[in-house]
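Here is what each chain is made of, one letter per residue.
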Amino acid sequence: MEAHHPSKILMTADTVGGVWNYTLELVRALAPFKTQVALATMGAPLSEEQRRQANEIDNLTIYESNYKLEWMENAWDDVNQAGEWLMKLRNEVQPDLVHLNSMAHGALDFGVPTIVVVHSCVLSWWKAVKDEEAPNAWAKYKELVMAGLQAADMVIAPTQAMLHQAQELYGPFKNSTVVYNGRGQHSFQFGDKEPFVFSMGRVWDEAKNISMLAHIASDLNWPVYIAGDAKHPATGKEVDLENVHFLGQLTEKEVSNWLSRASIYALPAKYEPFGLTILEAAMSGCALVVGKTESQAEIWGNAAKYVNPGSADDLRDTINDLIEDEFARNIMACRAVKRSHGYTADPMGQDYDHVYRQLLKQTVVV
């Protein structure tokens, strides 16, 4: 019996990271299957730009909240309240399926198939960034995340590397698979390349390692432009970047414009389970310089230059080599573009739809 496409999904998303862009891209990619998405947002109120983006998507309805996310300080009261709110939404929306982009709510009894996506997690972040196990203060986090992932009907990760880490930390899972993230190519284009290095992301997140790029910027033969949020959402502390042109938060259109002109995109991240900004840069024809991690090597193969995230010298030399060698730069840009074609939004939508239908089919059989 052919399983139906889900007509209604209850999905969660946080508004403070790359998961937001991933979510909108996925919702758009599900439109051809006539799937309506009720999106419960947490973490922070929507910005004007986010609201504008959401309003342009026909198969999307937003339910907004301000609950803290599971990785924030003192989040557990909020996480509990968010759980109660999600159960109310479930009764209101009556979804065929629940798709959670955070993990602690995976153990709630939604009464329909539940998918949990591991975009990243504190324990693997801690190991990669601090080179030690997460301290005992995160024991409750581990317990709730483990319960959520083990209860889910399906656990999805954006790379084999991330799935493997999640299994080691929180497994075993009932079912698991990898679905690579995707971006719509139409949003990004080549322009005339200009002599500068570009980077963007959560500047406050140590894992992104953007401060190391700023640190070596004065030793590079081109200027460095950095976009993103320098203010930590939990502590409110701002990161000060020396030697670079800091652009602050940009709209999607502005990002696309900067990427189309940038010759090199550098993100020496210590931890980046997927990295949508790197994909956007690849689609825009930038030569890529990224931190050498398992997940990045899995995604980019020979289409990126890899640097040791702990070595400022390695980063400086790798970028300067590309600046001085136009031929090598063009080869890397071509490889990046070609490789980016494997990570577009439509196949991502098809893969998720396939998983949804498998789960619904199993439910019908039972």
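Read on for a plain summary of the structure. (Residues numbered from 1 in each chain as written. Predicted model: local features only at pLDDT ≥ 70, side-chain atom pairs only at ≥ 80, totals over all residues. Heavy atoms only, no water.)

1. Let's talk about helix α2 (residues 48-55)
Listed in full, the buried residues belonging to α2 are Q50, Q53 and A54. Take α2 and look down its axis: the buried residues cluster within an arc of 95 degrees, on one side only. Along α2, exposed side chains directed more than 90 degrees from the buried face belong to E48 and N55. Contacts from the buried residues of α2 go to α1 (19-30), β3 (60-64) and α8 (252-261). (Buried < 20%, exposed > 50% of the residue type's maximum accessible area, 1.4 Å probe, protein only. Helix = DSSP H or I, 4+ residues; strand = E, 2+ residues; numbered from the N terminus. Arc of directions from axis to C-beta. Contact = heavy atoms within 4.5 Å.)

2. What about the sheet that holds strand β1 (residues 8-14)?
Overall, parallel pairing links the seven strands, which are arranged β3-β2-β1-β4-β5-β6-β7 in an open sheet. Of all strands in the sheet, those with a lone pairing partner are β3 and β7 (176-178), marking the two edges. Adjacent strand axes in the sheet meet at a mean angle of 20 degrees, parallel and antiparallel pairs treated alike. Direction of pairing for β1 relative to strand β4 (residues 97-100): parallel, over a ladder of three bridges. By the bridge assignment for β4, I9 is matched with L97. Helix-sheet contacts for helix α3 (residues 76-93) involve β1, β2 (36-42), β3 and β4, and the interaxial angle to β2 is about 160 degrees. (Pairing = 2+ DSSP bridges. Axes fitted to C-alpha atoms, helices over the stretch in contact; angles between N-to-C directions.)

3. Here we look at the side chain of S102
Relative to the helices and strands, S102 is located in the loop between β4 and β5 (114-117). Setting aside anything within four residues of it in sequence, one finds S102 in contact with T12, E70 and V116.

4. A closer look at the nonpolar core
Grouped together as the largest cluster of nonpolar side chains are 83 residues, with contacts concentrated most on F198, Y265, L288 and I319. At seven residues, α1 tops the list of elements feeding residues into this core. Apart from residues no more than four positions distant in its own chain, I319 is found in contact with V197, L213, I216, L220, I264, A266 and V289. Membership of the second largest hydrophobic core comes to 39 residues, among which are W85, V116, V118 and V145. (Core = buried A, V, L, I, M, F, W, Y, C linked by side-chain atoms within 4.5 Å.)

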